[in-house]
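Breakdown of the fold
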Amino acid sequence: MEEKISRAIIQKYFEKLQANLSVDVVVVGAGPSGMVAAHDLAASGRKVAIFERKLAPGGGIWGGGMFFNEVAVRDDAFPILDDFGVGYHSAGDGYYTVDAVELASGLIFGACRAGASFFNAISVEDIVLKDERVAGVVINWTPITSLEMHVDPLVITARVVLDSTGHPSEIAELATRKAGIKIETATGGIMGERPMWVEKGEVTTVEDTKMLYPGLYVSGMAANNVSGGFRMGPIFGGMLKSGRKVAELIREELGC
Ligand code: 48F
């Protein structure tokens, strides 16, 4: 019995990893924008692998606002919440609250059920850059990185990589710093997130969701950081809509 359980887990995990060595889309970061994008792309038949540094996917959702585990949305988020079966409750003045745990778990389950493969506790530590195109990611177990063990990584190739790493926009940062490439912003580099302005931030997050360089897209707070957008705190409509928009852009490129 003991051996069977271990064998089943090892076999299934390695099947999953091998099946995802080359994919249509790598999503880096399982926050709200990345998970909506992973869901939409997988639902339209694309092969999607999502790598998350932490043990639990969900990014900044779980903590709500300052650990109060509720987040806010406006009615423009309803179509996406409805797709995932996540509920919302009127708070008056056109604002609604969503239980942070229901939102995080709903997005995780929705993306899994649509066919996206989750790989948690794995960090993306570099990109593959070939012939002036981002062509994949370099991965390693998060504990290896955090314990500074000298262990070489492995590589996942992809037609498209999505940077949905949140505030630090880690993949765009790597691409500009290590590869010296110019990305699709006003300066050609990372402009840095601006202070809190909720109304503006909700809009700029979606506007700045785009292709940054051949093979590299950006969504969510990473899009804000890259293009100098405003932060918006625990309101999540912009994140969800950014994920949906980037999936549409990628679908257009991949022709599906
Ligand atoms: O930050 P995060 O939740 O992404 P998001 O979709 O949403 C932002 C909101 O949660 C919130 C907000 C709303 O107004 O401001 O902050 O932009 O999730 C990003 C995820 O990416 C993971 C990280 O652990 C988090 O779960 N991540 C970051 N860098 C890497 C990574 C990396 N190099 N490799 C793998 N995962």
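Now for a quick tour of the structure. (Residues numbered from 1 in each chain as written. Predicted model: local features only at pLDDT ≥ 70, side-chain atom pairs only at ≥ 80, totals over all residues. Heavy atoms only, no water.)

1. A few points about the pairing of strand 3 (residues 70–74)
A one-sided burial pattern is seen for strand 3, the buried positions being Val71 and Val73 and the unburied ones Glu70, Ala72 and Arg74. In the sheet, strand 3 pairs with strand 5 (residues 95–99) via five bridges, with the strands oriented antiparallel. Within the sheet, the bridge partner assigned to Glu70 lies in strand 5 and is Asp99. (Buried < 20%, exposed > 50% of the residue type's maximum accessible area, 1.4 Å probe, protein only. Helix = DSSP H or I, 4+ residues; strand = E, 2+ residues; numbered from the N terminus. Pairing = 2+ DSSP bridges.)

2. What to know about unusual backbone geometry
Backbone geometry at Glu132 places phi at a positive 55°, although glycine is not the residue there. By the secondary structure assignment, Glu132 is in the loop between strand 7 (122–130) and strand 8 (133–141).

3. Focus: the packing of helix 7 (residues 198–207) against helix 8 (residues 220–227)
Two elements in contact, helix 7 and helix 8, have axes whose closest approach is 8 Å; the angle formed by their N-to-C orientations is 95°. The angle between the axes of helix 7 and helix 8 places the two elements in the roughly perpendicular class. Listed contacts from helix 8 to Gly201, Thr204 and Thr205 of helix 7 are Gly220, Ala223 and Asn224. The residue makeup of the contact of helix 7 with helix 8, split by class, is one nonpolar, five polar and no charged. (Axes fitted to C-alpha atoms, helices over the stretch in contact; angles between N-to-C directions. Parallel < 35°, antiparallel > 145°, perpendicular 65-115°, else oblique. Contact = heavy atoms within 4.5 Å. Nonpolar A, V, L, I, M, F, W, Y, C, P; charged D, E, K, R; others polar.)

4. Some words on the site of the ligand
Taken together, the neighbourhood of the ligand is formed by 27 residues, with Ser33, Glu52, Gly60, Met221 and Gly233 sitting nearest. Residue Val124 places a main-chain N or O atom 2.9 Å away from a nitrogen atom belonging to the ligand. Between the ligand and Met221 there is a distance of 2.8 Å, counted from an oxygen atom to a backbone nitrogen or oxygen. Coverage of the ligand by the protein amounts to 92% of the 730 Å² it exposes when considered alone. For the shell around the ligand, the secondary structure elements donating two or more residues are helix 2 (32–43), strand 2 (48–52), strand 7 and helix 8. Considering every element that reaches the shell around the ligand, the biggest residue donor is strand 7, with three residues. Classifying every residue of the shell around the ligand gives eleven nonpolar, twelve polar and four charged. (Near = heavy atom within 4 Å. Polar contact = N/O pair within 3.5 Å; in protein donor to acceptor, adjacent residues only side chain to side chain. Areas by Shrake-Rupley, 256 points an atom, 1.4 Å probe, with all protein chains shown as cover.)

5. Considerations on helix 2
Count 3.6 residues to each turn of an α-helix, and residues three or four apart come out pointing the same way. Helix length check: helix 2 (twelve residues) gives 16 Å between terminal C-alpha atoms against 16 Å at 1.5 Å per residue, within 8%. Of all twelve residues making up helix 2, eleven are buried, and the element is well covered by its neighbours. Residues of helix 2 that are buried: Pro32, Ser33, Gly34, Met35, Val36, Ala37, Ala38, His39, Asp40, Leu41 and Ala42. (Expected span 1.5 Å × (residues − 1).)

6. Some words on the packing of helix 2 against helix 4 (residues 100–114)
Following both chains from N to C, one finds helix 2 and helix 4 inclined at 25°, their axes separated by 8 Å at the closest point. Taken together, the axis directions place helix 2 and helix 4 in an arrangement best described as roughly parallel. Every pair of crossing elements has a handedness; the one defined by helix 2 and helix 4 is left-handed. Only Ala104, Leu107, Ile108, Gly110, Ala111 and Ala114 of helix 4 make contact with helix 2, whose side of the interface consists of Pro32, Met35, Val36, His39, Ala42 and Ala43. Broken down by class, the residue content of the contact of helix 2 with helix 4 amounts to ten nonpolar, two polar and no charged. (Left-handed = near helix turned anticlockwise from the far one by under 90°.)

7. Some points on the packing of aromatic side chains
Under the definition given, this model contains eight aromatic pairs. Summarising the aromatic geometry, the rings of Trp197 and Phe230 are spaced 5.0 Å apart at their centres and angled 75° between planes, so their arrangement reads as edge-to-face. Highlighted residues: Trp197 in the loop between strand 10 (194–196) and helix 7 and Phe230 in strand 13 (residues 230–231), separated in sequence by 33 residues. With relative accessibility at 42%, the residue Trp197 sits in the partly exposed group. Note on Phe230: relative accessible area 11%, which makes it buried. Aromatic ring contacts, followed pair by pair, group Tyr13, Phe14, Phe51, Phe119 and Trp141 into a single cluster. (Phe/Tyr/Trp six-rings, centres within 6.5 Å; stacked < 30°, edge-to-face > 60°.)

8. Quick look at the environment of Tyr13
Topologically, Tyr13 is positioned in helix 1 (residues 2–19). Under the relative-accessibility criterion, Tyr13 is labelled partly exposed at 22%. Considered as a pair, Tyr13 and Phe119 are 106 residues apart in the sequence and their alpha carbons are 9.7 Å apart. With residues near it in sequence (within four places) discarded, Tyr13 still touches Phe119, Ile122 and Trp141.

9. Quick look at the side chain of Thr204
Positionally, Thr204 belongs in helix 7. Thr204 gets classed as buried once you look at its relative accessible area, which sits at 10%. Not counting residues up to four positions away in its chain, the partners in contact with Thr204 are Asn224, Gly229 and Phe230.

10. Observations concerning the sheet that holds strand 5
Taking strand neighbours across the sheet as the criterion, the three strands line up as 3-5-4 in an open arrangement whose pairing is antiparallel. Only two strands of the sheet have a single partner each, and these edge strands are strand 3 and strand 4 (89–92). Direction aside, the axes of adjacent strands within the sheet are offset by 40° on average. For strand 4 and strand 5, the ladder comprises three bridges, and the chain directions are antiparallel. Looking at the pairing, His89 lines up with Thr97 of strand 5.

As far as function goes, none of this settles anything; it's purely spatial.
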